[in-house]
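# Secondary and tertiary structure notes
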Amino acid sequence: MTSVRTVLGDVPPEHLGVCDAHDHLFFGSPRLPGQELRSVPAARAELAAFRAQGGGAVVQWTPYGLGRRAADLPPLSRETGVHIVAATGLHQDVHYDEATPAALRGQLAEVFVAELTEGIGTSGVRAGFVKVAGGFHGLDAHARRTMAAAAEAHHTTGAPIAVHLELGTGALDVLDLLCGKLGVPPHRVILGHLNRSPDVVAHRQAAESGCYLAFDGPSRAHHATDWRMPDAVRALAEAGFGDRLLLGGDTTTAAARSVDGGPGMPYLLRRVRPRLELTVGEELVARILTENAWRAFGVEWR
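Residues numbered from 1 in each chain as written. Predicted model: local features only at pLDDT ≥ 70, side-chain atom pairs only at ≥ 80, totals over all residues. Heavy atoms only, no water.

### Some remarks on the overall build of the chain
- Along the chain, the regular secondary structure elements total 10 helices and 11 strands.
- Against the 2.2 N^0.38 benchmark of 19 Å for 302 residues, the chain shows a C-alpha radius of gyration of 17 Å, consistent with a compact globule.
- The principal-axis extents of the C-alpha atoms in the chain amount to approximately 50 × 40 × 40 Å.
- A buried classification covers 57% of the 302 residues belonging to the chain.
- Long-range pairs, those at least 24 residues apart, make up 76% of the contacts in the chain with a sequence separation of at least 6.
- For the chain, the exposed surface amounts to about 11600 Å²; the carbon and sulfur share of it is 51%.
- Across the chain, the centroid of the 29 positively charged side chains sits 2 Å from that of the 33 negatively charged ones. (Helix = DSSP H or I, 4+ residues; strand = E, 2+ residues; numbered from the N terminus. Rg over C-alpha atoms; globule rule 2.2 N^0.38 Å. Buried < 20%, exposed > 50% of the residue type's maximum accessible area, 1.4 Å probe, protein only. Contact = heavy atoms within 4.5 Å. Areas by Shrake-Rupley, 256 points an atom, 1.4 Å probe, with all protein chains shown as cover. Lys, Arg positive; Asp, Glu negative; His and termini not counted. Charge placed at Lys NZ, Arg CZ, Asp CG, Glu CD.)

### Structural notes on the pairing of strand 8 (residues 161–164)
- Side-chain alternation along strand 8 places I161 and V163 on one buried face and A162 and H164 on a second face that is also buried.
- Note that strand 7 (residues 129–133) and strand 8 share four bridges and pair parallel. Looking at the pairing, V132 lines up with V163 of strand 8.
- Crossover connection from strand 7 via helix 5 (residues 141–157) to parallel strand 8: handedness right-handed. (Pairing = 2+ DSSP bridges. Right-handed = clockwise from strand over helix to strand, strands pointing away.)

### Observations concerning the environment of V163
- Within the element layout of this structure, V163 appears in strand 8.
- In this structure the C-alpha to C-alpha distance between V163 and F297, which are 134 residues apart in sequence, comes to 13 Å.
- Beyond its immediate stretch of four places on either side in the chain, V163 contacts W61, V132, G134, M147, V174, L178, V189, I190, L191 and G192.

### Remarks on the packing of helix 1 (residues 40–52) against helix 2 (residues 73–80)
- Packing of helix 1 against helix 2 leaves a shortest axis separation of 10 Å and a crossing angle of 40°. The way helix 1 lies across helix 2 gives a crossing that is right-handed. Mapping the contact onto sequence places V40, A43, R44, L47, A48 and R51 in helix 1 and L76, E79 and T80 in helix 2.
- Taken together, the residues of the contact of helix 1 with helix 2 sort by class into five nonpolar, one polar and three charged. (Axes fitted to C-alpha atoms, helices over the stretch in contact; angles between N-to-C directions. Left-handed = near helix turned anticlockwise from the far one by under 90°. Nonpolar A, V, L, I, M, F, W, Y, C, P; charged D, E, K, R; others polar.)

### A closer look at the nonpolar core
- Counting 76 residues, the largest nonpolar core has V130, V163, L191 and F215 as its most contacted members.
- Among all residues touching L191, those that are not within four sequence positions of it are V163, L165, A171, V174, L175, A206, C211, Y212, L213 and A214.
- In terms of nonpolar packing, the next biggest core, distinct from the first, is built from 19 residues, C19, A21, A87 and A293 among them. (Core = buried A, V, L, I, M, F, W, Y, C linked by side-chain atoms within 4.5 Å.)

### Details of the packing of helix 8 (residues 229–238) against helix 9 (residues 266–280)
- Two elements in contact, helix 8 and helix 9, have axes separated by 9 Å at closest approach and are oriented at 45°. In this view, helix 8 runs oblique relative to helix 9, as classed from their interaxial angle. For the pair helix 8 and helix 9, the sense of crossing is right-handed. Packed against helix 8, whose contacting residues are M229, P230, D231, V233 and R234, the element helix 9 presents V272, R275, L276, T279 and V280 at the interface.
- Class assignment for the residues of the contact of helix 8 with helix 9 results in six nonpolar, one polar and three charged. (Parallel < 35°, antiparallel > 145°, perpendicular 65-115°, else oblique.)

### Details of the pattern of salt bridges
- Counting across every chain of the model gives 10 salt bridges.
- A salt bridge links E36 to R38; the nearest nitrogen and oxygen atoms lie 4.0 Å apart.
- With a shortest N-O distance of 2.9 Å, R196 and D250 are connected by a salt bridge. On the criterion of sequence distance, the pair formed by R196 in the loop between strand 9 (189–192) and helix 7 (200–207) and D250 in the loop between strand 11 (245–248) and helix 9 is long-range, its members being 54 residues apart.
- Here R196 falls in the buried class, since its relative accessible area comes to 12%. (Salt bridge = Lys/Arg side-chain N within 4 Å of Asp/Glu carboxyl O.)

### Comments concerning helix 9
- Taking 1.5 Å of rise per residue, 15 residues should cover 21 Å, and helix 9 covers 20 Å from first to last C-alpha, within 8% of that figure.
- Along helix 9, the sharpest kink reaches roughly 40°, centred on V272 and followed within four residues by the proline P274.
- Those residues of helix 9 that fall on the buried side of the exposure criterion are P266, L268, L269, V272, L276, T279 and V280.
- Tucked into the core, helix 9 has its buried residues touching strand 3 (19–23), helix 1, helix 8, strand 11 and helix 10 (282–297). (Expected span 1.5 Å × (residues − 1). Bend = angle between axes of the 7 residues up to and from the residue.)

Right under this line is the structure:
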């Protein structure tokens, strides 16, 4: 049976409702000092604001070692009525001190599998997917090790693999590695941040593989490419890839939260949804926010 592994347990995919396919409730990186997402009350308020706009589920792409606060996620989900899907995996090495990746070397796959099947730390909260990251137009040794471990975790559990593409680049290199060399089925791969590199040719080449393409980042106001996103989505839809598209907010700093004056999670439904509906129609946008996300994160868990 296909199910989505949420922080409250496995649920049928259709129970997610309207889904923010890439966001963050908690996140902390040395690259973003002073902007950490650590406040539980702020996370609760953000989820409530998203729920008020019709949101039903949030997929948190915060991986190992970056402040996931896994134990806080189940009560937040219960209190707000929003499903939450947590991540295992690793980000780029620049987001960690030297000791963290070194301590995990040689046991990455085991850690990912344990967090998917047993729980994150002592929280008992199981992750629902693996998050990894590429570099700018390339894959360094850290990315290749992490993706190899993610592929092993996928083959063991069936978990989807979500990929941070640095500034939206390197999609084809990622697919060559994950799907070509490492044997991950393309429909189990989610490529993130395609909005940051509005290259419609690269988008179409990636979509032809059968992977999911996530346009995620409208809460990051400095991304000047966001205004091109509707045209990029239309080009993919007209080419027959409407069923491979996902949308997310990617709130990574406190200043971006709606409760702190930024666009935050509600912006995805309050502003992005109607803007996109003008370009590709209400029916497709509804499917992107629901059925596409249900399929992307729905798994026959092993």
